[in-house]
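# Structural overview for review
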Amino acid sequence: SSGMLGSDLVRYFSSNFRVTPIHKENYRTHVGSTFDIVINANGNSKRFWANSHPVEDFIASTVSVYNSIFDFKCSVYVYISSSDVYENHTSPRHTKEDVSIAPDKLTPYGLHKYFSELLIRKHFNNYLILRSSMILGSNLKKGPLYDAMHHESLFITRDSRLQMITTKSIAGIICTLIEKKITRNVFNMGGIGTFSFSTLDRFVPEPVAYRADAEKQLYEMNVAKMLKVYPLKTSEEYLREFLHGL
């Protein structure tokens with residue numbers, strides 16, 4: 001509950017639900033508890049670090065999930081996964097939820113998220129796996145937008161295109177799926193279309209700088225399945241919401 005997504009979900013849900021925030025400091029005191037819903041927004045979210053520290057990432061992103069399966073009882077388990085479980089995450093054509101995933105083609109970061117998905121599907125009758133695009137929240141502390149807003153050079157190139165979604169929209173998605181009693185399902189979760197960083201200068205006050213060793217990134221999942229149950233906005237609209245304080 002202390003990360004960017006977790007802390008915002010606690011804030012959004014607390015007005016309508018009884019929420020138990022769990023984090024590193026109080027985790028052991030809640031082991032053995034039973035909940036209606038467990039939302040796991042935990043795990044490492046640093047792709048570059050994960051791919052150069054695969055063992056540490058496995059512990060942070062997969063072992064922690066396996067522990068939670070046995071540490072807490074619940075009726076529905078909601079897991080926030082990643083678009084990196086797809087070998088080709090650049091196009092909606094290759095990222096439908098039912099596409100066959102080849103583990104040997106994934107980066108360590110994506111592989112460990114996929115392992116966690118498999119563990120959850122094995123151990124829970126009622127689960128929701130939400131594969132998320134780039135998340136924007138009130139406690140954003142890393143990533144290209146954070147760097148641009150803090151006058152740091154970006155690690156991605158100017159022609160990169162990323163799909164985005166806000167923590168507020170994720171809270172709305174979770175509520176909608178639970179209210180509709182939709183479980184045993186996997187959904188891609190992101191804005192409609194991508195945001196091109198070639199236009200970022202229009203959204204931040206200072207000129208955007210890019211590192212000489214910056215890498216081009218393209219991320220766009222197919223969100224047709226989610227659109228049937230939840231009214232997603234475009235990635236640019238989510239960016240505007242974030243910049244105006246969610």
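Here goes a summary of the coordinates provided. Being a predicted model, the structure only gives us computed values, none of them experimental.

## What to know about the overall build of the protein chain
- Broken down by element type, the protein chain carries 9 helices and 11 strands.
- In summary, the protein chain has a C-alpha radius of gyration of 18 Å against a globular reference of 18 Å for 246 residues, a match within 12%.
- Reported as C-alpha extents along the three principal axes, the dimensions of the protein chain are approximately 50 × 40 × 40 Å.
- Within the protein chain, counting contacts between residues at least 6 apart in sequence, those at least 24 apart form 82% of the total.
- If you sum the accessible surface of the protein chain, you get close to 12600 Å²; carbon and sulfur atoms cover 52% of it.
- For the protein chain, the distance from the average position of its 29 positive side-chain charges to the average position of its 24 negative side-chain charges is 6 Å.

## With respect to the sheet that holds strand 11 (residues 218–219)
- One open sheet holds the 3 strands; their spatial order is 9-6-11, and the pairing between them is mixed. The open sheet has two edge strands with one neighbour each: strand 9 (195–196) and strand 11.
- Relative to strand 9, strand 6 (residues 161–162) is paired through 2 bridges, and the arrangement is antiparallel. Looking across to strand 9, one finds that R161 is bridged to S196.

## Side note on the state of the cysteines
- Within this structure, the stated rule accounts for 0 disulfides.
- The thiol of C74 is not disulfide-bonded; the next cysteine sulfur, from C175, is found 16 Å away.
- Exposure remark for C74: the relative accessible area of 17% places this residue in the buried category.

## Digging into the packing of helix 4 (residues 54–71) against helix 5 (residues 108–123)
- Two numbers describe how helix 4 lies on helix 5: the axes approach to 9 Å, and their chain directions differ by 15°. It follows that helix 4 is roughly parallel to helix 5 by the angle criterion. Seen from above, helix 4 lies across helix 5 with right-handed handedness. Contacts between helix 4 and helix 5 involve P54, D57, F58, S61, T62, V65, Y66, I69 and F70 from the former and P108, Y109, H112, K113, F115, S116, L119, I120 and H123 from the latter.

## Things to note about the pattern of salt bridges
- Applying the stated criterion across every chain yields a total of 8 salt bridges.
- R240 is the partner of E236 in a salt bridge, and the nearest nitrogen-oxygen pair spans 3.0 Å. One end of the pair, E236, and the other, R240, are both in helix 9 (residues 235–243), 4 residues apart, so they sit about a helical turn from each other.
- Accessibility expressed as a relative area gives 28% for E236, which makes it partly exposed.

## Considering a nonpolar patch on the surface
- A cluster of nonpolar residues, V55, F58, I59, V63, F115 and L118, forms a patch on the protein surface that exposes about 480 Å² of accessible area.
- Only helix 4 and helix 5 provide two or more residues apiece to the nonpolar patch.
- Per element, the largest residue contribution to the nonpolar patch is 4 residues, and it comes from helix 4.
- The residue F115 is located in helix 5 in this model.
- In this structure F115 comes out as partly exposed when scored by relative accessible area, which is 32%.

## Concerning the pairing of strand 3 (residues 127–132)
- Across the 6 residues of strand 3, 6 count as buried, placing the element largely inside the fold.
- In this structure, strand 2 (residues 73–82) lies alongside strand 3, joined through 6 bridges in parallel fashion. Bridging from a neighbouring strand, S82 pairs with S132 of strand 3.
- As for the winding sense of the linkage, the β-α-β connection from strand 2 through helix 5 to strand 3 is right-handed.
- Examined bridge by bridge, strand 3 and strand 8 (residues 185–189) share 5 bridges and lie parallel to one another. Counterpart to I129 in the pairing with strand 8 is V186.

## Overview of the sheet that holds strand 8
- A sheet is described by the order of its strands in space; here 4 strands give the open sequence 1-2-3-8, paired in parallel fashion. Only two strands of the sheet have a single neighbouring strand rather than two, namely strand 1 (34–40) and strand 8. The sheet shows a mean angle of 15° between the axes of neighbouring strands, direction not considered.
- Sheet strands in contact with helix 4 are strand 1 and strand 2, and its direction is about 170° off that of strand 2.
- Sitting on the sheet, helix 5 touches strand 2, strand 3 and strand 8, and the angle it makes with strand 2 is about 160°.

Rules behind the numbers
Residues numbered from 1 in each chain as written. Predicted model: local features only at pLDDT ≥ 70, side-chain atom pairs only at ≥ 80, totals over all residues. Heavy atoms only, no water. Helix = DSSP H or I, 4+ residues; strand = E, 2+ residues; numbered from the N terminus. Rg over C-alpha atoms; globule rule 2.2 N^0.38 Å. Contact = heavy atoms within 4.5 Å. Areas by Shrake-Rupley, 256 points an atom, 1.4 Å probe, with all protein chains shown as cover. Lys, Arg positive; Asp, Glu negative; His and termini not counted. Charge placed at Lys NZ, Arg CZ, Asp CG, Glu CD. Pairing = 2+ DSSP bridges. Disulfide = S-S within 2.5 Å. Buried < 20%, exposed > 50% of the residue type's maximum accessible area, 1.4 Å probe, protein only. Axes fitted to C-alpha atoms, helices over the stretch in contact; angles between N-to-C directions. Parallel < 35°, antiparallel > 145°, perpendicular 65-115°, else oblique. Left-handed = near helix turned anticlockwise from the far one by under 90°. Salt bridge = Lys/Arg side-chain N within 4 Å of Asp/Glu carboxyl O. Patch = residues over 30% accessible without salt bridge, like charges linked within 9 Å, V, L, I, M, F, W, Y side chains within 5 Å. Right-handed = clockwise from strand over helix to strand, strands pointing away.

Such coordinate-based values are descriptive only and should not be taken to indicate function.
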